[in-house]
Amino acid sequence: MAMWDRLKDQAKNLQQSQGARGSGGQGHAPHGQGQAPYGQGQSGGHAPGSSSGGSGGSKAKLVGLLKSQLASVKTELKSGAYRDASMAMCALVAAADGHVEQAERQRVEELIVSNEVLQNFPADQLRQRFNKHLDQLIANFELGKAEALREIAKAAKKPVEARAVIQTGIVVAGADGHFDQTEQYAIRDACAALGLSPTEFGV
């Protein structure tokens, strides 16, 4: 649960900084910066203190928050490096526990092709890359993981893309309402490949 609590605090801070930006035009938070996402208001509305212990609802809100962070930098996420790294990330998270059922594969595929930011790319390109990594992970998890992390590391050159790859992985992993230990490990490995601190994402 620590991860969700930490993300909840991040959400609270983001809501506050969003509020500050809305009132007086302090120009120090350029539009499109990941930290203070534009368009977060829709998911904001609730008083930040309303973090009741309910797990499902708060996680859904946090996934919504990450989605809005991604949407705020959507125009910067059009490179092949981001596309390939995020598909490797999604595969790594989907196969984190060592096996993937067909229903799970289809569910993640649907999440990928319906994701607002990933709609920058043709659906067949996304499916093909996701399934390639998933097949490699199923055939030989360690080799497949090494290959996925190599692909993920290619997004390290641009901090916006690197963070978006991790956020995309969390959005896909958290979509089923729970976030298990193996998925957290997968995200830590990806953070290491990108030179990011896992604590930034509460993992």
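What counts, and where the lines are drawn
- The residue numbering used here restarts from 1 in each chain and proceeds along that chain's sequence as written.
- Owing to the predicted nature of the model, reporting of local features is limited to residues with pLDDT of at least 70; listing and counting of side-chain atom pairs is limited to 80 or more, with chain, interface and lining totals taken over all residues.
- Side-chain measures here rest on the full set of heavy atoms in the structure, leaving out hydrogens and waters.
- Note on conventions: DSSP H or I runs of at least 4 residues are helices, E runs of at least 2 residues are strands, and numbering of each starts at the N terminus.
- Buried means the residue's accessible area, taken with a 1.4 Å probe over protein chains only, is under 20% of the maximum for its type, while exposed means over 50%, and partly exposed covers the values in between.
- Only heavy atoms matter for contacts: two residues are in contact if any of them lie within 4.5 Å across the pair.
- Residue exposure ignores everything except the shown protein chains as possible cover, and the areas themselves are Shrake-Rupley values with a 1.4 Å probe.
- For salt bridges, the criterion is a side-chain nitrogen of Lys or Arg within 4 Å of an Asp or Glu carboxyl oxygen.
- Each residue gets a pLDDT score, which is the predictor's confidence in that residue and runs from 0 to 100.
- Fitted lines through C-alpha atoms serve as axes, helices being fitted only where they are in contact, and the angles separating the N-to-C directions of these axes extend from 0 to 180 degrees.
- For classification, angles of less than 35 degrees are called roughly parallel, those exceeding 145 degrees roughly antiparallel, those between 65 and 115 degrees roughly perpendicular, and all remaining angles oblique.
- Note: crossing handedness is left-handed where the near helix turns anticlockwise from the far helix by less than a right angle, and right-handed where it turns clockwise.
- Under this grouping Gly is polar, as are all residues other than the nonpolar Ala, Val, Leu, Ile, Met, Phe, Trp, Tyr, Cys and Pro and the charged Asp, Glu, Lys and Arg.
- In this scheme, a helix's expected span is set at 1.5 Å multiplied by one less than its residue total.
- For this quantity, the arc is that covered by the directions from the helix axis to the C-beta atoms.
- To pair, rings of Phe, Tyr and Trp, with the six-membered ring standing in for Trp, must have centres within 6.5 Å; the planes then decide the type, stacked if under 30 degrees apart, edge-to-face if over 60, and tilted in the middle.

Re the overall build of the protein chain
Summing up its helical and strand segments, the protein chain has nine helices and zero strands in all. When the helices and strands of the protein chain are listed from N to C terminus, the series reads α-α-α-α-α-α-α-α-α. The burial tally for the protein chain puts 44% of its 203 residues in the buried class. In the protein chain, of all internal contacts separated by at least 6 residues, the share reaching a separation of at least 24 is 75%. When the accessible surface of the protein chain is totalled, it reaches about 9600 Å², and 52% of it is carbon and sulfur.

Looking at the environment of Ile138
Considering the arrangement of structural elements, one finds Ile138 in helix 6 (residues 123-139). By relative accessible area, which is 42% here, Ile138 ends up partly exposed.

Observations regarding the pattern of salt bridges
Using the criterion set out here, one finds nine salt bridges in the structure. A salt bridge links Lys145 to Asp189; the nearest nitrogen and oxygen atoms lie 3.0 Å apart. Of this pair, Lys145 sits in helix 7 (residues 141-153) while Asp189 sits in helix 9 (residues 181-194), and the two are 44 residues apart along the sequence. Judged by relative accessible area, Asp189 falls into the partly exposed class, the value being 27%. Linking Arg150 and Glu147 is a salt bridge whose minimum nitrogen-to-oxygen distance equals 2.5 Å. Taken together, the positions of Arg150 and Glu147, both in helix 7 and three residues apart, correspond to about one turn of that helix. Look at the salt bridges and you will find they share partners, linking Arg83, Asp84 and Arg129 into a network.

A few points about the side chain of Glu151
Structurally, Glu151 can be placed in helix 7. The contacts of Glu151, once residues within four sequence positions are left out, are Asp84, Ala85, Ala88, Lys132 and His133.

Describing the confidence of the model for the protein chain
Confidence in the prediction for the protein chain averages 78 pLDDT; 68% of positions are at 70 or higher. Of all secondary-structure elements in the protein chain, the lowest mean pLDDT belongs to helix 2 (residues 41-44), at 42, while helix 7 reaches the highest, 97. Every residue in residues 17-55 scores below 50 in pLDDT, and together they form 44 contacts with partners more than four places removed in sequence or on other chains.

A look at the packing of helix 7 against helix 9
Interaxial distance between helix 7 and helix 9 falls to 8 Å at its minimum, and their mutual angle equals 45°. By the criterion of interaxial angle, the relationship of helix 7 to helix 9 is oblique. By crossing handedness, the relation of helix 7 to helix 9 is classed as right-handed. Between helix 7, through Lys145, Leu149, Ile152 and Ala153, and helix 9, the contact on the second element is made entirely by Asp189, Ala190, Ala193 and Leu194. Residue classes in the contact of helix 7 with helix 9 are distributed as six nonpolar, no polar and two charged.

Details of helix 5 (residues 102-114)
The end-to-end C-alpha distance of helix 5 is 18 Å, a good match for the 18 Å that 13 residues give at a rise of 1.5 Å each. Every buried residue belonging to helix 5 is among Arg105, Val108, Glu109, Ile112 and Val113, and all of these are buried. Seen from one end, helix 5 has its buried residues packed into an arc of 130°, which puts them on one side.

A word on the packing of aromatic side chains
For the coordinates displayed, the defined rule picks out one aromatic pair. Their ring planes at 35° and their centres at 6.2 Å tell us that Tyr82 and Phe121 sit as a pair that is tilted. With Tyr82 in helix 4 (residues 80-94) and Phe121 in the loop between helix 5 and helix 6, this pair connects stretches of sequence that are 39 residues apart. Summarising the burial analysis for this pair, Tyr82 and Phe121 share the class buried.

A short note on the packing of helix 4 against helix 7
Where helix 4 meets helix 7, the axes come as close as 8 Å, and the angle between the chain directions of the two elements is 145°. Crossing handedness for the pair helix 4 and helix 7: left-handed. Taken together, the residues of helix 7 that come into contact with helix 4 (itself represented by Asp84, Ala85, Ala88, Met89 and Leu92) are Lys145, Ala148, Leu149, Glu151 and Ile152. Considered class by class, the residues forming the contact of helix 4 with helix 7 number seven nonpolar, no polar and three charged.

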